[in-house]
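Structure assessment
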Amino acid sequence: MGSNVSTEQERSQAELRSQAELRSQAELIFQTQLKILAELKSQAVLKFLAEQEQCQTEKCYDPRDSTLTFVDREDELDFLCEGFKSRRALMSCGHAVTPTSLTKWCRRLLDEGESRFTCGQSGCDVEWPYSEVRKMALLTPEEMEYFEETSASNAMKHYFDAKSCPGCRSSLVRKETSNLSVHCTVCTANRGRVYEFCWQCLREWKGPAPRSDRCENDGCCNEPLKVLKNCPDIIFQSVTGVTGCPSIRACPTCGSLVQHDTTGCKNVVCIQCRKEFCFVCLKLTEDCLKTSSYYIPCSGGVAPRQTSIPVWKKE
């Protein structure tokens with residue numbers, strides 16, 4: 001009888017010890033979980049603060065913006081490998097960008113005379129609407145003003161060969177491409193006298209007209225022609241037998257100045273009109289290749305230095 005009581009007591013005590021151990025283990029697990037959660041929360045806070053600090057020096061997307069498609073990929077417009085820290089988001093063409101890389105790329109397009117925003121990835125010719133660029137680049141009010149004004153100005157130059165009158169800032173198209181003296185009807189009406197300005201130096205016209213070389217304002221000169229006259233000759237690295245070729249040419253289609261870096265073949269593509277031409281003979285590539293090839297001298301030799309700028313006759 002006494003033995004049975006003793007056994008029951010021992011069992012009871014063992015169960016109590018087991019329950020105490022379980023409670024102790026549960027408490028330990030609970031405390032460990034709390035510690036882990038606290039550490040995760042601390043890491044999240046630190047990450048958030050780091051992102052906030054980074055966003056003070058570069059533009060960053062709001063991670064809560066549900067209208068953006070975020071991806072864990074490299075920034076495909078970071079051509080200089082600057083390592084922008086913002087999250088990556090997808091453009092409509094499917095390429096990943098950060099707002100800073102997109103801003104820089106679009107500004108580069110504008111500075112090169114473009115009026116449209118196109119993807120910079122090789123093989124992708126998708127054109128982004130300005131509304132998409134404005135949103136995805138997180139443009140500031142100052143940037144929006146620059147983008148809109150420059151885009152409009154580039155479009156006028158591209159399609160109409162227009163310039164702003166220095167007197168009233170209205171856009172004018174030159175009727176006679178051989179005459180640098182341009183008549184502004186707005187300034188003539190406002191001033192009560194004939195007002196003409198120089199298409200070249202963009203100052204009020206001085207001297208007799210018409211003229212195709214310069215007006216009589218100090219410093220007025222045709223800078224592109226000056227560059228074409230004084231640029232040094234180049235030696236092609238991969239095209240043998242070519243000497244006396246200027247390092248800068250005016251595109252035979254649109255007149256934009258183009259420079260050859262001496263590498264590759266003798267043909268180049270003009271940034272403005274997208275036409276490919278031979279830098280040596282100044283023929284369009286398709287015409288040059290009828291009697292020559294990419295890496296040998298042209299059958300007609302080296303075209304002389306240009307003494308006039310071709311005028312783009314848009315179709």
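To be clear, the structure that these remarks concern was listed above.
Residues numbered from 1 in each chain as written. Predicted model: local features only at pLDDT ≥ 70, side-chain atom pairs only at ≥ 80, totals over all residues. Heavy atoms only, no water.

**A short note on a negative patch on the surface**
Together, E142, E145, E148 and E149 make up a region of like negative charge exposed at the surface. By the secondary structure assignment, E142 is in helix α4 (residues 141-160). For E142, a relative accessible area of 57% gives the class exposed. (Patch = residues over 30% accessible without salt bridge, like charges linked within 9 Å, V, L, I, M, F, W, Y side chains within 5 Å. Areas by Shrake-Rupley, 256 points an atom, 1.4 Å probe, with all protein chains shown as cover. Salt bridge = Lys/Arg side-chain N within 4 Å of Asp/Glu carboxyl O. Lys, Arg positive; Asp, Glu negative; His and termini not counted. Charge placed at Lys NZ, Arg CZ, Asp CG, Glu CD. Helix = DSSP H or I, 4+ residues; strand = E, 2+ residues; numbered from the N terminus. Buried < 20%, exposed > 50% of the residue type's maximum accessible area, 1.4 Å probe, protein only.)

**Considering the sheet that holds strand β3 (residues 96-97)**
If you trace the three strands from one edge of the open sheet to the other, you get β1-β2-β3, paired in antiparallel fashion. The sheet is open, and its two edges are formed by β1 (70-71) and β3, each paired on a single side. Judged from the two bridges that link them, β1 and strand β2 (residues 88-90) form a sheet pairing that is antiparallel. Within the sheet, the bridge partner assigned to F70 lies in β2 and is A89. (Pairing = 2+ DSSP bridges.)

**Here we look at the layout of surface pockets**
To find leftover empty space, one rolls a probe the size of a water molecule over the atoms. Within this model, the largest pocket holds a volume of roughly 1,400 Å³. Looking at the largest pocket, it is lined by 45 residues, and the ones nearest its centre are D161, C254, G255, Q272 and I309. Listed by contribution, the elements that provide at least two residues to the lining of the largest pocket are α4, β6 (162-164), α6 (223-230) and β13 (257-259). The element best represented in the lining of the largest pocket is α4, accounting for five residues. Across the lining of the largest pocket, the residue classes tally to 20 nonpolar, 15 polar and ten charged. (1 Å grid on protein atoms, 1.4 Å probe; cavity = no way out; pocket = protein on both sides within 12 Å on 5 of 7 lines; lining within 4 Å. Points joined across faces, edges and corners; volume = space filled by probe spheres on them. Nonpolar A, V, L, I, M, F, W, Y, C, P; charged D, E, K, R; others polar.)

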